[in-house]
Amino acid sequence: KSYIYYMRTKLQARRFVADEPKKQVKTPWPRHKDKECIWKDEGLKRRVEEYLVSEVPYFRYCKACVGSENDVTRPDVVDAAEADVINVQV
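Residues numbered from 1 in each chain as written. Predicted model: local features only at pLDDT ≥ 70, side-chain atom pairs only at ≥ 80, totals over all residues. Heavy atoms only, no water.

A few words now on the overall build of the protein chain. Scanning the protein chain for helices and strands turns up 5 helices and 0 strands. Scanning the protein chain from its N terminus toward the C terminus, one meets helices and strands in the order α-α-α-α-α. Evaluated residue by residue, the protein chain yields a buried proportion of 11% over its 90 residues. In the protein chain, once contacts between residues fewer than 6 apart in sequence are set aside, the share between residues at least 24 apart is 52%. (Helix = DSSP H or I, 4+ residues; strand = E, 2+ residues; numbered from the N terminus. Buried < 20%, exposed > 50% of the residue type's maximum accessible area, 1.4 Å probe, protein only. Contact = heavy atoms within 4.5 Å.)

Okay, structure coming up:
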């Protein structure tokens with residue numbers, strides 16, 4: 001919610017909506033989503049995070065930003081953004 005409030009003051013509304021809904025991805029094996037969740041395995045979750053941070057620039061940026069003074073989801077930034085949204089809507 002906080003990120004959405006912050007970005008609402010920064011971005012324009014979309015001018016168009018995609019025509020086709022997303023297609024379900026088919027796999028050659030049956031899915032067992034309850035057993036595939038990486039959040040249940042701390043070691044796997046850590047390895048996935050390490051891989052994403054080392055290989056994907058976007059994740060490297062997020063890892064460096066989230067929790068820092070530049071984090072747009074900090075309470076003081078969110079409170080200011082929510083106040084701006086309220087002032088614009090009035």
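Another point: the confidence of the model for the protein chain. The pLDDT averaged across the protein chain works out to 78; a share of 82% of its residues lies at or above 70. Within the protein chain, the element-level pLDDT minimum falls on helix H5 (residues 75–89), averaging 59, and the maximum on helix H3 (residues 42–55), averaging 92. (pLDDT = per-residue confidence, 0-100.)

Oppositely charged side chains may form a pair once their charged atoms are brought near each other. Counted by the stated rule, this structure contains 4 salt bridges. Ionic pairing is found between Glu 50 and Arg 46, a salt bridge with its closest N-O pair at 3.8 Å. Of this pair, Glu 50 and Arg 46 both sit in helix H3, 4 residues apart, which is roughly one turn of the helix. The exposure class assigned to Glu 50 is partly exposed, which follows from its relative accessible area of 45%. Note on Arg 46: relative accessible area 47%, which makes it partly exposed. (Salt bridge = Lys/Arg side-chain N within 4 Å of Asp/Glu carboxyl O.)

Attention now goes to the packing of aromatic side chains. By the definition in use, this model includes 1 aromatic pair. Arranged with centres 5.7 Å apart and planes meeting at 85 degrees, the rings of Tyr 58 and Phe 59 form a pair that is edge-to-face. Accessibility expressed as a relative area gives 36% for Phe 59, which makes it partly exposed. (Phe/Tyr/Trp six-rings, centres within 6.5 Å; stacked < 30°, edge-to-face > 60°.)

For the rest of this paragraph, the subject is the packing of H3 against helix H4 (residues 57–65). Two numbers describe how H3 lies on H4: the axes approach to 5 Å, and their chain directions differ by 110 degrees. If you check the angle between H3 and H4, you find them roughly perpendicular. Between H3 and H4, the residues in contact are Glu 49, Leu 52, Val 53, Ser 54 and Glu 55 and Pro 57, Phe 59, Arg 60 and Lys 63, respectively. Residues that form the contact of H3 with H4 fall into these classes: 4 nonpolar, 1 polar and 4 charged. (Axes fitted to C-alpha atoms, helices over the stretch in contact; angles between N-to-C directions. Parallel < 35°, antiparallel > 145°, perpendicular 65-115°, else oblique. Nonpolar A, V, L, I, M, F, W, Y, C, P; charged D, E, K, R; others polar.)

Let's shift gears to the state of the cysteines. On inspection of all chains with the given rule, the structure shows 0 disulfides. As a non-bridged cysteine, Cys 65 has Cys 62 as the owner of its nearest cysteine sulfur, 7.2 Å distant. Classification of Cys 65 as buried rests on a relative accessible area of 12%. (Disulfide = S-S within 2.5 Å.)

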